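Tertiary structure, described
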Amino acid sequence: MATRTTTQTVATIPHQFGNVRQRQVYTDGFNGRRPLVPASSKLLELQAKERMSPDAWGYLSGMDETMEANIAAFRHWSIVPRILRNVAQRDLSVQLFGQTLPVPFLLAPIGVQKIVHPDGEGAVARAAAKLGVPMIPSTAAYITLEDLAKTLGDTPRWFQLYWSKDPDFNASLLRRAERAGYTAIVVTLDTYYLGWRVDDIQNAYMPFPLYDGLVNYLTDPVFRRSLKQPPEKDRHAAIQLYMEIFGNPSLTWADIPFLRQHTKLPILLKGIMHPDDARQAVEAGIDGIIVSNHGGRQVNGERAAIDALPDIVEAVKGQVPLLFDSGIRKAADAFKAIALGAKAVLLGRPYLWGLALAGEQGVEEVLQNFIADLDLTLALSGHTAYSALDVSALHKEPV
Ligand SMILES: Cc1cc2nc3c(=O)[nH]c(=O)nc-3n(C[C@H](O)[C@H](O)[C@H](O)COP(=O)(O)O)c2cc1C
Ligand SMILES: CCCCCCC(=O)C(=O)O
């Protein structure tokens with residue numbers, strides 16, 4: 001099967017993938033069939049919007065101002081290609097926490113994916129596993145972290161923790177993630193409340209009453225013990241408890257040791273936008289930082305994430321790896337974030353748009369396109385490895 005061959009190609013020779021895929025698209029025309037998803041992220045977004053229910057679309061969009069700013073701000077930097085540098089052999093891999101990731105991106109944690117497609121996270125995990133692209137399942141997934149781990153097989157996986165008000169439940173999730181072979185913990189710190197999302201309010205839409213989206217809670221022994229009746233007997237009480245404990249606005253830096261006490265895995269904090277917070281994270285012994293404004297879904301009017309990255313790079317001084325997300329729509333965005341100092345980036349909404357359009361295969365095509373674009377962008381800019389990029393590959397544009 002043509003797609004299967006491509007898949008193996010990515011896993012084994014990622015440095016040539018851009019050309020391979022381009023040849024496949026131009027000469028074989030995907031074995032005579034049209035692509036399932038557009039290669040253009042703008043078209044991908046438009047088609048996904050047409051396919052999705054207005055409620056789900058509103059939820060995915062979140063807020064407008066910062067989301068748009070995230071994308072526009074990539075224009076503050078441009079790539080300056082170099083020539084005659086022998087770029088015939090290229091390396092897309094990056095080393096993180098002792099692991100080699102085949103490509104410099106991971107799939108961002110995104111909750112409640114079944115609102116987009118009935119196969120939800122399962123389809124995403126299968127596509128990720130085919131291509132060996134690392135995935136970060138959300139606490140708020142529709143499929144348990146254990147089942148997603150089985151689907152992912154050898155593909156690197158990190159677990160995203162929503163740090164709830166119940167310490168025993170948090171400890172239980174961390175234990176489960178370790179047992180299920182996750183190799184890092186991503187603690188999201190910008191979502192103790194959901195932001196003021198006007199589309200959801202207008203549509204009277206919030207996905208969290210969807211009982212099925214709480215499987216990591218419903219299957220957890222600690223969560224179950226806190227209920228008077230099993231959730232299967234009293235769904236309402238389970239949902240109430242979930243809503244009560246989901247976010248913890250009382251957390252402070254003094255709580256960070258709790259994480260260390262309950263996991264041996266590398267811990268990354270997601271949602272850092274201020275250099276002082278980055279410094280404090282390093283002082284607290286955190287292993288990595290994800291510079292992110294949650295895709296502009298939490299604080300409308302917030303600074304574009306890519307604009308926050310250089311100051312954080314400066315503050316952290318290479319003491320721990322930095323990752324980046326919020327607004328990555330094409331390889332050039334990833335290239336810029338990595339040249340500015342991120343080790344790797346998290347891909348967010350675009351893979352959900354692929355999911356909305358064509359399930360597992362849609363996600364797979366989005367990822368293939370992204371990898372091919374990454375490879376060609378590297379080659380045509382005159383570089384051979386993402387791990388060796390630095391800010392000299394960019395020009396800062398006057399704003
Ligand atoms: C629908 C949706 C749900 C999300 N759910 C989570 C989540 O469960 N946990 C989390 O840490 N981040 C979550 N995020 C944020 C993403 O991890 C990531 O930060 C964001 O999508 C990046 O912005 P971008 O998609 O515009 O590139 C979600 C984002 C979206 C769009
Ligand atoms: C149904 C649970 C909501 C989890 C939060 C998902 C999220 O992070 C988001 O931005 O939305």
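Residues numbered from 1 in each chain as written. Chains lettered and ligands numbered in written order. Predicted model: local features only at pLDDT ≥ 70, side-chain atom pairs only at ≥ 80, totals over all residues.

**Examining the site of ligand 1**
- Around ligand 1, 23 residues are found, and the nearest of them are Gly-111, Ser-138, Thr-188, Gly-295 and Gly-348.
- Among the elements of the structure, α4 (54-61) and α5 (65-72) are those that each provide at least two residues to the shell around ligand 1.
- Of the residues that constitute the shell around ligand 1, the class distribution is eight nonpolar, eleven polar and four charged. (Near = placed C-beta within 6 Å. Helix = DSSP H or I, 4+ residues; strand = E, 2+ residues; numbered from the N terminus. Nonpolar A, V, L, I, M, F, W, Y, C, P; charged D, E, K, R; others polar.)

**Remarks on the environment of Ala-385**
- By the secondary structure assignment, Ala-385 is in the loop between α17 (349-380) and β11 (394-396).
- Sequence-wise, Ala-385 and Arg-90 are 295 residues apart; in three dimensions their C-alpha atoms are separated by 5.8 Å.
- Beyond its immediate chain neighbours, meaning those up to four positions away, Ala-385 contacts Arg-90 and Asp-91. (Contact = placed C-beta atoms within 7 Å.)

**Overview of the sheet that holds strand β6 (residues 185-188)**
- Across the sheet, seven strands lie side by side as β4-β10-β9-β8-β7-β6-β5; this open sheet has parallel pairing. Here the strands that pair on one side only, and so sit at the sheet edges, are β4 (105-107) and β5 (159-162). Across the sheet, the mean angle from the axis of one strand to that of its neighbour is 30 degrees, orientation sign disregarded.
- The pairing of strand β9 (residues 322-324) with strand β10 (residues 344-347) spans two bridges and is parallel. Across the sheet, the residue bridging to Leu-323 is Ala-344, located in β10. (Pairing = 2+ DSSP bridges. Axes fitted to C-alpha atoms, helices over the stretch in contact; angles between N-to-C directions.)

**Observations regarding the UniProt feature "active site" (unreviewed entry) in the chain**
- With numbering matched to this structure, UniProt assigns "active site" (unreviewed entry) to His-294.
- Relative to the assigned elements, His-294 resides in the loop between β8 (288-291) and α15 (305-316).
- The residues touching His-294, leaving out its near neighbours within four places in the chain, are Asp-190, Thr-191, Gly-271 and Ser-326. (UniProt positions renumbered as here; feature names shortened; annotations may be inferred.)

**A short note on the environment of Glu-45**
- Among the structural elements, Glu-45 can be located in helix α3 (residues 41-51).
- Accessibility expressed as a C-beta count within 10 Å gives 19 for Glu-45, which makes it partly exposed.
- Glu-45 sits 305 residues away from Pro-350 along the chain, and the two C-alpha atoms are 7.3 Å apart. (Buried ≥ 20, exposed ≤ 12 C-beta atoms within 10 Å, placed from the backbone.)

**A few points about the pairing of strand β7 (residues 267-272)**
- Counting buried positions along β7 yields six of six residues, so the element is predominantly enclosed.
- Two strands pair when backbone bridges link them, and β6 and β7 are joined in this way by four bridges, in the parallel orientation. Each bridged residue has a counterpart across the sheet, and for Val-186 the counterpart in β7 is Leu-268.
- Two strands pair when backbone bridges link them, and β7 and β8 are joined in this way by four bridges, in the parallel orientation. Its bridge partner lying in β8, Leu-269 is registered against Ile-289.
- Remark: the β7/helix α14 (residues 275-283)/β8 crossover connection has right-handed handedness. (Right-handed = clockwise from strand over helix to strand, strands pointing away.)

**Brief notes about the pairing of β8**
- Burial of the side chains of β8 extends over both faces: Gly-288 and Ile-290 are buried on one face and Ile-289 and Val-291 on the other.
- Pairing of β8 with β9, which is carried by three bridges, proceeds in the parallel orientation. Across the sheet, Val-291 pairs through a bridge with Phe-324, a residue of β9.

**Comments concerning the nonpolar core**
- Grouped together as the largest cluster of nonpolar side chains are 117 residues, with contacts concentrated most on Ile-289, Val-291 and Val-345.
- Element by element, the count of residues in this core is highest for α17, at 16 residues.
- Other than its neighbours up to four places away in sequence, Val-345 contacts Pro-104, Phe-105, Leu-323, Phe-324, Asp-325, Ile-328, Ala-334, Ala-337 and Ile-338. (Core = buried A, V, L, I, M, F, W, Y, C linked by C-beta atoms within 7 Å.)

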